Amino acid sequence: QVLLVESGVASVQPGGSLRLSCAGSGSDLIIRCMTWVRATPGKEREGVIAIDTIIENSWTSGSAQRRFVISRDKAKNTVSLQRNSLKSADTGIYYCAAARPSIRACDRWSEYSNWGRGTQVTVSS
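The rules behind each value
Sequence positions are assigned chain by chain, starting from 1 and proceeding in written order. Per-residue local features are limited, in this predicted model, to residues with pLDDT of at least 70; the limit for side-chain atom pairs, both in listing and counting, is 80 or more; totals at the level of whole chains, interfaces and linings are taken over all residues. Side-chain metrics in this entry use all non-hydrogen atoms of the structure; hydrogen atoms and water are not considered. Numbering of helices and strands runs from the N terminus; a helix is a DSSP stretch of H or I covering at least four residues, while a strand is a stretch of E covering at least two. The rule is simple: take the accessible area with a 1.4 Å probe, protein chains only, and divide by the maximum for that residue type; under 20% is buried, over 50% is exposed, in between is partly exposed. For this analysis, residues touch if any pair of their heavy atoms sits within 4.5 Å. Within this scheme, the nonpolar core is defined by two criteria: the residues are buried Ala, Val, Leu, Ile, Met, Phe, Trp, Tyr or Cys, and they are joined through side-chain atoms within 4.5 Å. Any carboxyl oxygen of Asp or Glu that lies within 4 Å of a side-chain nitrogen of Lys or Arg is treated as forming a salt bridge with it. Any pair of cysteine sulfurs within 2.5 Å is marked as a disulfide.

**Topic: the environment of Ser71**
Consideration 1: Examined against the element boundaries, Ser71 turns out to sit in strand β7 (residues 68–73).
Consideration 2: A residue is classified by how much of its surface remains accessible, and Ser71, at 32% relative accessible area, is partly exposed.
Consideration 3: C-alpha of Ser71 to C-alpha of Ser58: the two residues are 13 residues apart in sequence and 8.5 Å apart in space.
Consideration 4: Among residues more than four places away in sequence, those in contact with Ser71 are Thr78, Val79 and Ser80.

**A look at unusual backbone geometry**
Consideration 1: If you check the backbone angles, Asn77 has positive phi at about 55 degrees while not being a glycine.
Consideration 2: Turning to its location among the elements, Asn77 is positioned in the loop between β7 and β8 (78–83).
Consideration 3: For Asn77, a relative accessible area of 39% puts it in the partly exposed group.
Consideration 4: Unusually for a residue other than glycine, Ser85 sits at a positive phi of about 50 degrees.
Consideration 5: Along the chain, Ser85 falls in the loop between β8 and β9 (92–99).
Consideration 6: With a relative accessible area of 42%, Ser85 lands in the partly exposed category.

**Comments concerning the nonpolar core**
Here is a general trend for soluble globular proteins: nonpolar side chains tend to be buried in one another's company.
Consideration 1: Counting 21 residues, the largest nonpolar core has Trp36, Leu81 and Tyr94 as its most contacted members.
Consideration 2: Mapped onto this core, the elements with two or more residues apiece are β1 (2–8), β3 (18–26), β4 (33–39), β5 (46–52), β7, β8, β9 and β11 (119–123).
Consideration 3: If you look at the next biggest cluster of nonpolar residues, it comprises 9 residues, including Ala50, Ala99, Ile103 and Cys106.

**Description of the pattern of salt bridges**
Consideration 1: Under the defined criterion, the tally for this structure stands at 6 salt bridges.
Consideration 2: A salt bridge links Arg108 to Glu111, with the nearest nitrogen and oxygen atoms 2.6 Å apart.
Consideration 3: According to the relative accessible area criterion, Arg108 is partly exposed, its value standing at 34%.

**A short note on the state of the cysteines**
Throughout this description, disulfide means a covalent bond between two cysteine sulfur atoms.
Consideration 1: Under the criterion given, the structure shown has 2 disulfides.
Consideration 2: With a sulfur-sulfur separation of 2.1 Å, Cys22 is cross-linked through a disulfide to Cys96. Measuring handedness by torsion sign, the sulfur bridge of Cys22 and Cys96 sits at about 55 degrees and is right-handed. Taken together, the residues span a long stretch of sequence, with Cys22 in strand β3 and Cys96 in strand β9 at a distance of 74 residues. In this structure, Cys22 and Cys96 share a single accessibility class: buried.
Consideration 3: Two residues, Cys33 and Cys106, share a disulfide whose sulfurs are 1.9 Å apart. Handedness of the Cys33-Cys106 disulfide follows from its S-S torsion of about -70 degrees: it is left-handed. You can see Cys33 sitting in strand β4 and its partner Cys106 sitting in the loop between β9 and β10 (114–115), a full 73 residues away along the chain. As far as burial versus exposure is concerned, Cys33 and Cys106 are alike and both buried.

Structure below.
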């Protein structure tokens, strides 16, 4: 099992920067993909960005998420989410998730099986 623990600021100002971290631990840390998924009231969870831990390439779900940056620290078993110039539209609950090597592609967010608890991010003045 893989335990994902998220950390980071919960409230930021418009134009500010977001930095969230997700640390993995457990008896099985063999993963292929790590992702950040966002949930907003009245909407389904949507994939924001993902990274292939093998080739270190990242994927975004669309043009609206292209300002997000994902990175991974192998030594610390962590993955981070960063974004500058935040807007109110970036508000939501951000979940990190991990996928085993069996996943078909890192942008197939429905195939992630290990999830963090979620971090509420509120962008307001």
